There are 8 protein chains.
Amino acid sequence: MQKEFVELGFAKLDLDRFRRRGFAEVIFCKGKTKQQLLKIIKELIKHKQPILLTKLERKEFRYLKRYFPSLKYNPLAKIAYAKKLEVKANSYVCVITAGTADIPIAEEAITTLEVMGNKVKKIYDIGVAGLHRLYTNLDTIRKAKVIVVVAGMEAALPSLVSGLVAKPVIAVPTSFGYGANFFGLSALLTMLNSCSPGIGVVNIDNGFGAGYLASLINKG
Amino acid sequence: MQKEFVELGFAKLDLDRFRRRGFAEVIFCKGKTKQQLLKIIKELIKHKQPILLTKLERKEFRYLKRYFPSLKYNPLAKIAYAKKLEVKANSYVCVITAGTADIPIAEEAITTLEVMGNKVKKIYDIGVAGLHRLYTNLDTIRKAKVIVVVAGMEAALPSLVSGLVAKPVIAVPTSFGYGANFFGLSALLTMLNSCSPGIGVVNIDNGFGAGYLASLINKG
Amino acid sequence: MQKEFVELGFAKLDLDRFRRRGFAEVIFCKGKTKQQLLKIIKELIKHKQPILLTKLERKEFRYLKRYFPSLKYNPLAKIAYAKKLEVKANSYVCVITAGTADIPIAEEAITTLEVMGNKVKKIYDIGVAGLHRLYTNLDTIRKAKVIVVVAGMEAALPSLVSGLVAKPVIAVPTSFGYGANFFGLSALLTMLNSCSPGIGVVNIDNGFGAGYLASLINKG
Amino acid sequence: MQKEFVELGFAKLDLDRFRRRGFAEVIFCKGKTKQQLLKIIKELIKHKQPILLTKLERKEFRYLKRYFPSLKYNPLAKIAYAKKLEVKANSYVCVITAGTADIPIAEEAITTLEVMGNKVKKIYDIGVAGLHRLYTNLDTIRKAKVIVVVAGMEAALPSLVSGLVAKPVIAVPTSFGYGANFFGLSALLTMLNSCSPGIGVVNIDNGFGAGYLASLINKG
Amino acid sequence: MQKEFVELGFAKLDLDRFRRRGFAEVIFCKGKTKQQLLKIIKELIKHKQPILLTKLERKEFRYLKRYFPSLKYNPLAKIAYAKKLEVKANSYVCVITAGTADIPIAEEAITTLEVMGNKVKKIYDIGVAGLHRLYTNLDTIRKAKVIVVVAGMEAALPSLVSGLVAKPVIAVPTSFGYGANFFGLSALLTMLNSCSPGIGVVNIDNGFGAGYLASLINKG
Amino acid sequence: MQKEFVELGFAKLDLDRFRRRGFAEVIFCKGKTKQQLLKIIKELIKHKQPILLTKLERKEFRYLKRYFPSLKYNPLAKIAYAKKLEVKANSYVCVITAGTADIPIAEEAITTLEVMGNKVKKIYDIGVAGLHRLYTNLDTIRKAKVIVVVAGMEAALPSLVSGLVAKPVIAVPTSFGYGANFFGLSALLTMLNSCSPGIGVVNIDNGFGAGYLASLINKG
Amino acid sequence: MQKEFVELGFAKLDLDRFRRRGFAEVIFCKGKTKQQLLKIIKELIKHKQPILLTKLERKEFRYLKRYFPSLKYNPLAKIAYAKKLEVKANSYVCVITAGTADIPIAEEAITTLEVMGNKVKKIYDIGVAGLHRLYTNLDTIRKAKVIVVVAGMEAALPSLVSGLVAKPVIAVPTSFGYGANFFGLSALLTMLNSCSPGIGVVNIDNGFGAGYLASLINKG
Amino acid sequence: MQKEFVELGFAKLDLDRFRRRGFAEVIFCKGKTKQQLLKIIKELIKHKQPILLTKLERKEFRYLKRYFPSLKYNPLAKIAYAKKLEVKANSYVCVITAGTADIPIAEEAITTLEVMGNKVKKIYDIGVAGLHRLYTNLDTIRKAKVIVVVAGMEAALPSLVSGLVAKPVIAVPTSFGYGANFFGLSALLTMLNSCSPGIGVVNIDNGFGAGYLASLINKG
């Protein structure tokens, strides 16, 4: 029987997670030193676990890259990983942003989805101020198995998309904007209060969480 | 020279307001006793001022009606008035609601507009979850001089409408909804953070204020 | 071609929704008068749409029942409906509550799911203060296609459940509690900040929204 | 027929907006890289669209200036533009600030107004602590077609101005102040709760939005 | 030597307060039963202390009146007292309200001031939407030793008054209003962020506290 | 081996809790029907568990009393119980209130403590506005093993008490007050920000939680 | 007759303020450029006005010092001034801090008071965790005409001081602390909710406002 | 008799605290200059008081170290001290973190505990997403006299731990996380709303306060 976790002193690496959850423990890098990250990756490799590091700054990535040359990095998404799992299903996840500034969070969702072995189609900058951009892409959106919508400011896009399709929508509020957006609170509340049912919301700027949830649904 | 105000002890009735602002002092009834309202109306009539009473409960209206039989009442809008000013301009104000529950606040705006002598067209229940209802009415919306949009919950409608027209939009958040709408805060923040410029926001449930502002623009 | 919506003056009933979204327009009863509800149901029946009424008080239900004797009501869930769609899939949705007081919101999710034609298994009162109650039911939870977790107060249950399974979790914060729960805000924030990925959150007390989203995933 | 939008990958440039809204898509620069801005401007020029860039830092402006030498910049307003539209109407917009520190946001409104072809008169530093400064300028204020009032801290000026005129007032709360102003929240709430009807509020520090709305009203 | 306090079990009545603070312990009635109030008054009378009861509902007053026929009551102010101290100073406190709905809180301040032996002049309903009402009364305001300003909604009046005089202003935010006033929060923040120095703010609806502070200043 | 929990459908009664935690599952009555409470008590009695019901309204108590005549009730504390455990330790818990209005929450703590077998000394109404009332009781406070301080409004008392003793203080904010206390938020924040270390805070109005924690410390 | 204000374009300097308010316009330096400050000071000198500059950074002071060598600076208080007015009254203001970290804000109050011609006594670091430090200084506190109390964190000191004296207390919350102090919000709420009447509160970190108000009272 | 405090001008050092509270005044370094810290330490040494400095940056420590070479520093905990008191009791405190990022706050608690003479056992990184890590350590947790649990994000761990043991739990919310954690507010609310009684909460990131309280309980 495989050990359930590895004790590193500063961390207990959960080795049983792949069995329970279908994917290994993902490392949230904020709040960890690069030395700690180094030790964690070593253990993950030793135990043949997939590697996925989120919210990793480029500087820390460069440090790790010296030790693990095969590590890849999406600088927009701030995600590092060893390899993308093979895509098995035909279904795909559609990832949409309301604006250009929402792209980094969308990329975080997309990289997460691809590393977990999902097919992704992306559509960027469908603002509510010009809906023809939405209608042009409606076919791609409707055929997805699940849709991730990333939006800041007034964040009305998830409601609009959800109102047009019979698919689950995962809404990601971003902290993008200023003034009375209060660091993403406005977008978050908009999404939670949507009058269109069929939307699940994740934390502000949590592209990873949205990708992970979309992967569970897409593969389910 | 006309007296500038009447001293009632509990109130100083501003008689100069019609000259300064183009309309007499409007009486906000919340927080005033029916006896106080009675005295105020007497003075308004004595000084030949138009009468507009907002947020007036039906019970108080009935009390006042006994003294001023010509007083009219819109129970949905909770507004009483003596008469509607004659409409002079050809232009009109379009008042739209996102849902059925937003109608009382829209009626407050409409009665205000009509009492102040404006032509109004109304379109109710254009939710973002079914946009074809918006497109069917687009011509009426586009030809208005100014548009009032009343919406609760996620309140995305003002952004959508504003994105389709070259007219000023006045957005009225309503307290309608539950949970994380926090008594209208969610709708208010959505409207303030709209990515579509050309929107001015008034207080939560302030149909009167929206109507008043729309009247100033429509007649300007 | 079928008409896209019916104009009722106070409402525009969206008849195209079944085609677009896989289910008819669901009527949110809060903020509508019983006369308005009556007219809406008549139109829904006339156009052969399924009927689902949420947040309907018992008094209003009784009024409607006189006109539509076949209307059914779940008083805990405050939901009325005409009939439950036939269950076609083998997969099921597991609905869990943290406490007894969360049951009404869970019932709202369950009735929604059943009316939309889903198989449901329910497990009530799995508080985090006694985890053996969770482990006893783990097999039922793990085999679900999607899991709805309803919790108030500190709302830690979705994190716990999500950490044990490879299935999407829909978390419903409830307003149940007192003091610093601030009407459900505490539970909402807990769920959004979960360190276990794979959770989508809906509005406070929004059992209907959770059921609807779960149905989309279960049938997807 | 003109193309409705240009696909740039990271952005979908809305070319139909001028037709719909009377002005081209305005570029909100925060959250976009300078390379993205460069590509967007190239497309705007190619399609003969007016250019207006908001919240643009001086460093980014200098980069763009090398490619488009005719680009102009208001460093206080953080706005760049190609040219100001010709003024056709005789009416003007009056832009007022409560304090000196509110000037940058007022300049953002003014530059927006001028680029959109409006005549503007500005009056700076009319604090409520010295009202004679307001009365001296009352004639200029009263003759405007629409008035923009920019204020931070307690933000009482819009109420005062609105109480003296029969013109629509657009209120812009600024984040200027400290302590319990909570980044502009105090000013925002003051403006929303004004007892003087006829005020529409825009987002905190949103000088552009105020200018855009004022332009729609001034030209309407 | 006088006893420092009386032990009543549910309360410890502070008998030393008159010596330390210049006035006896004032009884805040909210949260106390009428039986508790009865016992407290008996002790106050026994120890020859002045009696001042705040936030006392009429029903409770009637109960107490049966036992203490000389007890007086201001129903607007919800204050009961035994007698008003003799006025010794020539100076007076000016109490101003912005609107009619702020009068109950102003009356609470005035009764407190009179019971504590101060001369008071009151001016009601000086809204910022009609400043001539302020200027007419300016002489009375300027000659006061200290000014109490009671205002709800946007609460701009304390700033205006303070900007015109060389006297300390005590500002009392009221919970009067609706929507984004958030139970008085808006008025409170406005007053705290005033750009006119010389203002001290008390709790929302705390007319008593304002009167007490004004008395200390007036007699100081 | 004893069963770990009893399945009641609407609840899973945790029978293992006494072994794990030293006391049986306490029933939080808010959100449960009287029929549900009845069934729960029957099971508790059947399994020889101690009975403690919190936040129980008098009406519900009377219903239950008919079935379980030995049930006792503290109407101030809104707590019902079958019997108080025998006191074994000599040490005691001191429960203090700042005001009279905090007594119900203090009684909730005291009844909890006594049912769990602790000796309690109580001191009521030690407001910070008269500190001699604190010093008179200092000896009783200092000799306690743990101190519970219940306070609303500005809630400064826990800091004061903690600064005088070498004992752990449990602070209970109450929702008592008005205006900017925001339902106990002010008291809660005061207690969390105390400059005197040695204070643990529980939820607003959570007298039961304070009593339970104090019991664990007193018996530890 | 003296000119009422000087027009500087970016500012309108209020020359009438000394007459109205007993002191010239005080310059709040945040949000103004050093060039603007330079021009303002030149005008103040030209019109023989006293000079008081608040929230002035040392760098800006050094720039101004080159032009006005007689300008003085309190770097702790971040205040510059030309000279202190002569003290005429015998009465004094007592300024107290709860902790060492509150001293800069206290110094801002003290310099303001001294420039305005008041006698000041200061007592620093009287934390509530050691009240003997308060009692030792009680005589100095009691004999003051008005007391300024500066405190952060739980900010209980104003309540304590007010409870011991018959003098008005001005409470200044500071943003000092961390975590749930939320930038001074905790201290602000504590002070507003004080159970000891006789306290007026100013904005967070507003030492100047406290000093100004204290000066009005001390000289009144 | 020993002097009660030392007057340093900027601080009043409380020398009586050891007698009253069992430990000397602990110096909170934030907001104090290094020169002030130097003077404070000199006095503490002169009066033979134990030294404990919290929230001390490394740079300031290095400055102090030159004067007091025996001063020790835990850079993770940001705590400096002269020596650890001898451990006398057999009982120990168990300090647990939910994640790796919570370790600095846990170290602050641990160093505080050790300097105050307590035995500590620590367990790091017991996330709720992998509960087997908790069960493996359950024996160590259960045998502690008191348990400190440090957690950010959704902060569910204190509820879980408390539900398994009969010991007091001190919960420390950390500001670790992003988005809707609002700087630790989410974790704080979770802990306050725990459905498992027996938890006392301290301020966000207040490891020192948790250690101090745990020491009082452990030695009690």
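Bear in mind the structure is a predicted one, so any value in this text is a computation, not a measurement. In every chain, residue numbers begin from 1 and rise along the written sequence. Numbering of ligands from 1 and lettering of chains from A proceed in the order in which they are written. Per-residue local features are limited, in this predicted model, to residues with pLDDT of at least 70; the limit for side-chain atom pairs, both in listing and counting, is 80 or more; totals at the level of whole chains, interfaces and linings are taken over all residues. Calculation of side-chain values draws on the structure's entire complement of heavy atoms; hydrogens and water are dropped beforehand.

**Side note on the interface of chain A and chain B**
Working step 1: Contact definition: two residues touch when any of their heavy atoms are within 4.5 Å. The interface of chain A with chain B comprises 22 residues on the first partner and 22 residues on the second.
Working step 2: Roughly 2,000 Å² of surface becomes buried between chain A and chain B when both sides are summed, with 66% attributable to carbon and sulfur atoms.
Working step 3: A pair is scored as a salt bridge if a Lys or Arg side-chain nitrogen falls within 4 Å of a carboxyl oxygen belonging to Asp or Glu. Across the chain A-chain B interface, the total number found is zero salt bridges.
Working step 4: We define a polar contact as two N or O atoms separated by no more than 3.5 Å, with the added condition that, inside protein, one atom must be a possible hydrogen donor and the other a possible acceptor, whereas residues neighbouring each other in sequence contribute only through side-chain atom pairs. Our count for the chain A to chain B interface comes out at 17 residue pairs in polar contact (both at pLDDT 80 or more).
Working step 5: Labels follow the DSSP assignment, with helices taken as runs of H or I lasting at least four residues and strands as runs of E lasting at least two, numbered in each case from the N terminus. Listing elements by their share of the side of chain A that touches chain B, those giving two or more residues are helix H7 (157-162) and helix H8 (185-192) of chain A. Throughout, buried area stands for the accessible area (probe radius 1.4 Å) lost by two parts on being put together, summed over both.

**Structural notes on the interface of chain C and chain A**
Reports of interface size often rely on the accessible area that becomes lost once the parts have come together.
Working step 1: On the chain A side, the residues contacting the 31 residues of chain C number 31 residues.
Working step 2: Around 2,500 Å² of area is buried between chain C and chain A when both sides are counted, 59% of it from carbon and sulfur atoms.
Working step 3: Ranking the residues of chain C by area buried against chain A places Arg21(C), Leu192(C) and Pro197(C) at the top, with a combined share of 24%.
Working step 4: Between the two partners, chain C and chain A, sit zero salt bridges.
Working step 5: One can count 15 residue pairs in polar contact (both at pLDDT 80 or more) joining chain C with chain A.
Working step 6: Put simply, the parts of the chain that give the side of chain C that touches chain A at least two residues each are helix H1 (17-21), helix H7 (157-164), helix H8 (185-192), strand E11 (199-201) and helix H9 (207-219) of chain C.
Working step 7: The biggest single contributor to the side of chain C that touches chain A is H9(C), with six residues.

**Notes on the domain arrangement of chain A**
Residues and elements named next belong to chain A.
Working step 1: Bear in mind that the domain bounds are from an automatic or database domain assignment. The domains assigned to chain A are domain 1 (5-81) and domain 2 (92-219).
Working step 2: Of the residues lining the interface, twelve residues belong to domain 1; the matching set on domain 2 comes to 13 residues.
Working step 3: Summed over the shared surface of domain 1 and domain 2, the number is one salt bridge.
Working step 4: Its salt-bridge partner being Lys55, residue Glu108 comes within 3.0 Å of it at the nearest N-O pair.
Working step 5: Here domain 1 is connected to domain 2 by four residue pairs in polar contact (both at pLDDT 80 or more).
Working step 6: Going through the elements one at a time, strand E4 (52-54) and strand E6 (79-81) are the ones with two or more residues in the side of domain 1 that touches domain 2.

**Description of the packing of helix H4 (residues 103-115) of chain D against helix H9 (residues 207-219) of chain D**
Residue and element names in this part refer to chain D.
Working step 1: Angles shown run from 0 to 180 degrees and are taken between the N-to-C directions of axes, each axis being a line fitted to C-alpha atoms and, for helices, limited to the stretch in contact. Two elements in contact, H4 and H9, have axes separated by 7 Å at closest approach and are oriented at 40°. Pair H4 / H9 crosses with right-handed handedness. Along the contact surface, H4 presents Ile105, Glu108, Ala109, Thr112 and Leu113, while H9 presents Gly207, Phe208, Gly211, Tyr212, Ala214 and Ser215.
Working step 2: Charged residues are taken to be Asp, Glu, Lys and Arg, nonpolar residues to be Ala, Val, Leu, Ile, Met, Phe, Trp, Tyr, Cys and Pro, and polar residues to be all remaining types, Gly included. Of the residues contributing to the contact of H4 with H9, the split by class is six nonpolar, four polar and one charged. With the far helix as reference, a near helix turned anticlockwise by less than a right angle produces a left-handed crossing, and one turned clockwise produces a right-handed crossing.

**Brief notes about the state of the cysteines**
Working step 1: The disulfide definition used here is simple: a pair of cysteine sulfur atoms within 2.5 Å. A complete count under the given rule lists zero disulfides over all chains for this structure.
Working step 2: Its sulfur unpaired, Cys195(A) is 15 Å from the next cysteine sulfur, which belongs to Cys29(C).
Working step 3: With no disulfide of its own, Cys94(B) lies 19 Å from the sulfur of Cys195(A), the closest cysteine sulfur.

**Quick look at the sheet that holds strand E5 (residues 72-74) of chain C**
All names here are of chain C.
Working step 1: Paired strands, in this sense, are two strands between which DSSP finds at least two bridges. Pairing in this open sheet of four strands is mixed, and the strands run E3-E4-E6-E5 from one edge to the other. The open sheet is flanked by strand E3 (27-28) and E5, the only strands paired with a single partner.
Working step 2: In the sheet, E5 pairs with strand E6 (residues 79-81) via three bridges, with the strands oriented antiparallel. Paired with Asn74 across the bridge in E6 is Ile79.

**What to know about the arrangement of the chains**
Working step 1: Kept free of each other, chain B and chain H leave a smallest C-alpha distance of 13 Å between them.
Working step 2: A minimum C-alpha distance of 14 Å separates chain D and chain H, which share no contact.

**Overview of the packing of helix H2 (residues 34-46) of chain E against helix H3 (residues 58-67) of chain E**
The relative placement of two packed helices comes down to the angle between their axes together with the axis-to-axis distance.
All names here are of chain E.
Working step 1: Contact pair H2 / H3: the axes reach a minimum separation of 10 Å and the direction vectors enclose 40°. Accordingly, the angle class assigned to the pair H2 and H3 is oblique. For H2 against H3, the interelement crossing comes out right-handed. Residues Lys34, Gln35, Leu37, Leu38 and Ile41 of H2 form the contact with H3, whose participating residues are Glu60, Tyr63, Leu64 and Tyr67. Should an angle lie under 35 degrees it is considered roughly parallel, over 145 roughly antiparallel, and from 65 to 115 roughly perpendicular; all remaining angles are considered oblique.

**A look at the relation of the copies chain A and chain B**
Working step 1: Least-squares superposition of the copies uses the C-alpha atoms of those residues scoring a pLDDT of at least 70 in each of them. Between chain A and chain B, which share one sequence, the superposing operator has a rotation angle of 180° and an axial displacement of 0.0 Å; the RMSD is 0.0 Å. Here the two chains are linked by the operation of a two-fold rotation axis. Identified as the residue of chain A closest to the rotation axis by C-alpha distance is Ala156(A), at 2.6 Å.
Working step 2: Both copies share a contact surface, since 100% of the interface residues of chain A are interface residues in chain B too.

**Quick word on a nonpolar patch on the surface**
Working step 1: Only residues whose relative accessible area exceeds 30% and that form no salt bridge are eligible for patches; like-charged ones are grouped when within 9 Å, while nonpolar side chains (Val, Leu, Ile, Met, Phe, Trp, Tyr) are grouped when within 5 Å. Only the protein chains shown count as cover for residues, with accessible areas throughout obtained via the Shrake-Rupley method and a probe of 1.4 Å. Residues Phe183(A), Phe183(D), Phe183(G) and Phe183(H) make up a contiguous nonpolar surface patch of roughly 480 Å² in combined accessible area.
Working step 2: Relative to the helices and strands, Phe183(H) resides in the loop between strand E10 (169-173) and helix H8 (185-192).

**Topic: the side chain of Arg133(H)**
Working step 1: Among the secondary structure elements, Arg133(H) is positioned in helix H5 (residues 132-136).
Working step 2: Partly exposed residues are those whose accessible area sits between 20% and 50% of the maximum for their type, while under 20% is buried and over 50% is exposed, using a 1.4 Å probe and protein chains only. Residue classification places Arg133(H) among the buried positions, given a relative accessible area of 2%.
Working step 3: For Arg133(H), the side chain forms a polar contact with the main-chain oxygen of Lys12(A), separated by 2.7 Å.
Working step 4: A distance of 3.4 Å separates a polar side-chain atom of Arg133(H) from the backbone oxygen of Gly127(H).
Working step 5: Other than its neighbours up to four places away in sequence, Arg133(H) contacts Phe5(A), Lys12(A), Asp14(A), Arg17(A), Glu25(A), Asp125(H), Ile126(H) and Gly127(H).

**A few points about helix H2 (residues 34-46) of chain B**
All names here are of chain B.
Working step 1: A helix is expected to span 1.5 Å multiplied by its residue count minus one. The end-to-end C-alpha distance of H2, which contains 13 residues, comes to 18 Å, matching closely the 18 Å that a straight helix rising 1.5 Å per residue would cover.
Working step 2: Listing the buried residues of H2 in full gives Gln36, Leu37, Leu38, Ile40, Ile41, Glu43 and Leu44.
Working step 3: In this fold, the buried residues of H2 make contact with strand E1 (5-7), strand E2 (12-14), strand E3 (27-28), strand E4 (52-54) and helix H3 (58-67).
Working step 4: Downstream of H2 by one or two residues, Lys48 has phi in the positive range, about 55°.

**Topic: the layout of surface pockets**
Working step 1: Approximately 1,700 Å³ is the volume attributed to the largest pocket.
Working step 2: Lining of the largest pocket is provided by 42 residues; of these, Leu185(B), Leu185(C), Leu185(E), Leu185(F) and Leu185(H) occupy positions nearest its centre.
Working step 3: Contributing elements (two or more residues each) for the lining of the largest pocket: H8 of chain A, helix H8 (185-192) of chain B, H8 of chain C, helix H8 (185-192) of chain D, helix H8 (185-192) of chain E, helix H8 (185-192) of chain F, helix H8 (185-192) of chain G together with H8 of chain H.
Working step 4: Counted by class, the lining of the largest pocket contains 42 nonpolar, no polar and no charged residues.
Working step 5: Within this scheme a cavity is a closed region of a 1 Å grid, computed over the protein atoms alone, that accommodates a 1.4 Å probe without allowing it to escape, whereas a pocket is open but has protein on both sides within 12 Å along at least five of seven lines; lining residues each have an atom within 4 Å of a point. Grid points are joined across faces, edges and corners, and a volume is the space filled by probe spheres set on the points. Of the voids in this model, the second largest pocket is the one considered here, and its volume is about 500 Å³.

**Thoughts on the confidence of the model for chain A**
Working step 1: Per-residue confidence from the prediction method is given by pLDDT, with values spanning 0 to 100. Looking at chain A, the pLDDT average stands at 94 and 99% of residues meet or exceed 70.
Working step 2: Per the prediction output, this complex has pTM 0.96; the corresponding ipTM is 0.96.

**A closer look at the packing of aromatic side chains**
Working step 1: For this analysis, a ring pair means two rings from Phe, Tyr or Trp (six-membered ring only for Trp) whose centres lie within 6.5 Å, classed as stacked if their planes differ by under 30 degrees, edge-to-face if by over 60, and tilted for the remaining angles. Summed over the entire model, instances satisfying the criterion amount to 49 aromatic pairs over all chains.
Working step 2: On the numbers, 6.5 Å between centres and 85° between planes, the contact of Phe183(C) with Phe183(F) is edge-to-face. Note that Phe183(C) is positioned in the loop between strand E10 (169-173) and H8 and Phe183(F) in the loop between strand E10 (169-173) and H8, a pairing that runs across two chains.
Working step 3: What links up through ring pairs into an aromatic cluster is the set Phe183(A), Phe183(D), Phe183(G) and Phe183(H).
Working step 4: Throughout this description, the term charge over a ring refers to an Arg CZ or Lys NZ atom that lies within 6 Å of the ring centre and within 35 degrees of the ring normal. The ring centre of Tyr178(E) lies 4.9 Å from the NZ or CZ of Lys55(B), which sits over that ring.

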